[in-house]
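A look at the structure
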Amino acid sequence: MDEIDKKLLNIMQEDFPISPEPYKELAKRLGLEEEEVMERIIAFKEKGLVRRIGGIFDPRGLGYQSTLVAVEVLPQNLKEAAERVSSYEEVTHNYQRNHRFNLWFTLIAPGQERMEEIITSVGDLPGVIRTMNLPCLRLFKIKTYFNMETMTNRDEITARRE
Amino acid sequence: MLSNQDKKIIGFLQEDLPLESRPYKRLAEELGMTEEVLVEKVKELKDRGALRRLGAVVRHYQAGFRFNAMGCWQVEDSLVEEAGRKISSLSQVSHVYERPAFPPHWPYNLFTMIHGKSREECEETAQKISRETGIKNYQLLYSEKEFKKTSMRYF
């Protein structure tokens, strides 16, 4: 990865042009040809560095609600419970973690009712001892992008009451 | 609130933007508008806050930040504001949220995602946070298995 790659990747994360011809715009900013920019982006994707180019949405701005749910489930039932949890399309992230609450998942749904329905169903799965619904009360920081030149994160939102 | 047209545009932006000179061309045709108008609508979504960001989604794992820990902190209500802001200033921490505690099972009310090149690096960051905020009671939770990690598909 050379200096141009790093610069390109930073702009692509932080200030991707919203324009009918975004790649041409990127090329102009870096003093390159559009074709070269595209080739570099193809390489990023092939290397797995860039997952996609697209939008990150705020669930609330789209009328959705989100929450984090922690589950305490017996070890022998964990795998089955995890599979059931993952099968909900409203579940975006689902991890086993090193705690008595050993299953953690994030949930995004169009309304409170649907979220509670899913959490209740998870609570009824075999081996589940308890669930905790942990919605965000206050947002202090959410990372957006990773600076390739300085190798640091930069944040975009600081402090917002939910 | 959101028109069907908005929903189509949002659906499009949830995919991978085509790597073509004019990536919006096809959608603009489908919606019967020019690319310029379509791009204006994308900007509107951003101004409204529905679209947080448009751009490259980078894999942190690939970028060298292999380890992350969910650091959970027990903070007195009156001190959450100060602690939250202090922790937010650290570049190793990507997310800082206040969430409800769940006593007696779960006393922690401040959630942080800590990133590092190793588990030790995450632990060092947590110790630093503890020193600087005076929060003594905390837990670092690591992911032992990833069952699912996707972007939400809206609409």
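Residues numbered from 1 in each chain as written. Chains lettered and ligands numbered in written order. Predicted model: local features only at pLDDT ≥ 70, side-chain atom pairs only at ≥ 80, totals over all residues. Heavy atoms only, no water.

Assigned secondary structure in chain A consists of 5 helices and 7 strands. Across chain A, helices and strands are ordered from the amino to the carboxyl terminus as α-α-α-β-β-α-β-β-α-β-β-β. A burial count over chain A gives 54% of its 162 residues as buried. For chain A, contacts bridging at least 24 residues in sequence account for 57% of all contacts bridging at least 6. Looking at chain A as shown, the accessible area adds up to about 7300 Å², and 47% of this sits on carbon and sulfur atoms. (Helix = DSSP H or I, 4+ residues; strand = E, 2+ residues; numbered from the N terminus. Buried < 20%, exposed > 50% of the residue type's maximum accessible area, 1.4 Å probe, protein only. Contact = heavy atoms within 4.5 Å. Areas by Shrake-Rupley, 256 points an atom, 1.4 Å probe, with all protein chains shown as cover.)

On to the packing of aromatic side chains. Within a pair of aromatic rings, the relevant descriptors are the distance that separates the centres and the angle that separates the planes. Inspection of every chain in the model, using the stated rule, returns 10 aromatic pairs over all chains. With a centroid separation of 6.3 Å and an interplanar angle of 70°, the aromatic rings of A:Phe57 and B:Tyr154 are classed as edge-to-face. Placement of A:Phe57 in strand β1 (residues 50-57) and of B:Tyr154 in the segment after β5 (138-149) is noted, with the two residues assigned to different chains. For A:Phe57, a relative accessible area of 6% translates into the label buried. Chaining the aromatic ring pairs together yields one cluster made of A:Phe101, A:Trp104, B:Trp106, B:Tyr108 and B:Phe111. Across from the ring centre of B:Phe111, 5.5 Å away, lies the NZ or CZ of B:Arg99, which sits over that ring. For B:Arg119, the ring lying beneath its charged end belongs to B:Tyr142, and the centroid distance is 3.8 Å. (Phe/Tyr/Trp six-rings, centres within 6.5 Å; stacked < 30°, edge-to-face > 60°. Lys NZ or Arg CZ within 6 Å of the ring centre and 35° of its normal.)

All right, on to the nonpolar core then. Within the largest apolar cluster, 43 residues are counted, with the highest numbers of intra-cluster contacts made by A:Met12, B:Leu13 and B:Tyr24. For this core, the secondary structure elements donating two or more residues are α1 (3-14), α2 (22-30), α3 (34-47) and β1 of chain A together with α1 (4-13), α2 (25-31), α3 (35-48) and β1 (51-58) of chain B. For B:Tyr24, the contacting residues outside a window of four places in its chain are A:Ser19, A:Pro20, B:Phe12, B:Leu13, B:Leu17, B:Glu35, B:Leu38, B:Val39, B:Val42 and B:Leu54. A:Ala82, A:Val91, A:Leu107 and A:Ile118 belong to the second largest nonpolar core, which has 19 residues in total. (Core = buried A, V, L, I, M, F, W, Y, C linked by side-chain atoms within 4.5 Å.)

This part covers the domain arrangement of chain A. When its domains are assigned, chain A resolves into domain 1 (3-54) and domain 2 (59-138). A separation of 36 Å is found between the C-alpha centroids of domain 1 of chain A and domain 2 of chain A. (Domains from an automatic or database assignment.)

Next up on the list: the pairing of strand β2 (residues 65-73) of chain A. Residue and element names in this part refer to chain A. Across the 9 residues that make up β2, a large majority, 7, are buried. Alignment of β2 against strand β5 (residues 128-134), held across 6 bridges, turns out to be antiparallel. Among the inter-strand pairings, Leu68 is bridged to a residue of β5, identified as Leu134. (Pairing = 2+ DSSP bridges.)

When its domains are assigned, chain B resolves into domain 1 (4-48) and domain 2 (67-142). If you average the C-alpha positions of domain 1 of chain B and of domain 2 of chain B, the two centres end up 39 Å apart.

Okay, the pairing of strand β4 (residues 103-109) of chain A next. All names here are of chain A. Among the 7 residues of β4, 6 are classified as buried, and the element is accordingly described as predominantly covered. Sheet topology note: the strand β3 (residues 91-97)/β4 ladder contains 5 bridges and is antiparallel. Looking at β4, one finds that His93 is bridged to Thr106. Connecting the antiparallel pair β3 and β4 is a turn made up of 5 residues.

Once that is clear, we can look at the interface of chain A and chain B. On the side of chain B, 74 residues touch chain A, which itself brings 74 residues to the contact. Both sides together, the interface formed by chain A and chain B hides about 7800 Å², and carbon and sulfur atoms give 59% of it. On the chain A side of the interface with chain B, the three residues burying the most area are A:Ile18, A:Arg51 and A:Phe57, jointly 10% of the side's total. Inspection of the chain A/chain B interface yields 4 salt bridges. (Buried area = accessible area lost by both parts, 1.4 Å probe. Salt bridge = Lys/Arg side-chain N within 4 Å of Asp/Glu carboxyl O.)

Here the focus is the side chain of B:Arg99. Its location among the elements puts B:Arg99 in the loop between β3 (93-98) and β4 (110-116). Judged by its relative accessible area of 8%, B:Arg99 is buried. A polar atom in the side chain of B:Arg99 sits 2.6 Å from the backbone oxygen of A:Leu134. Apart from the residues lying within four places of it in its own chain, the contact partners of B:Arg99 are A:Leu68, A:Leu134, A:Pro135, A:Cys136, A:Leu137, B:Asn109 and B:Phe111. (Polar contact = N/O pair within 3.5 Å; in protein donor to acceptor, adjacent residues only side chain to side chain.)

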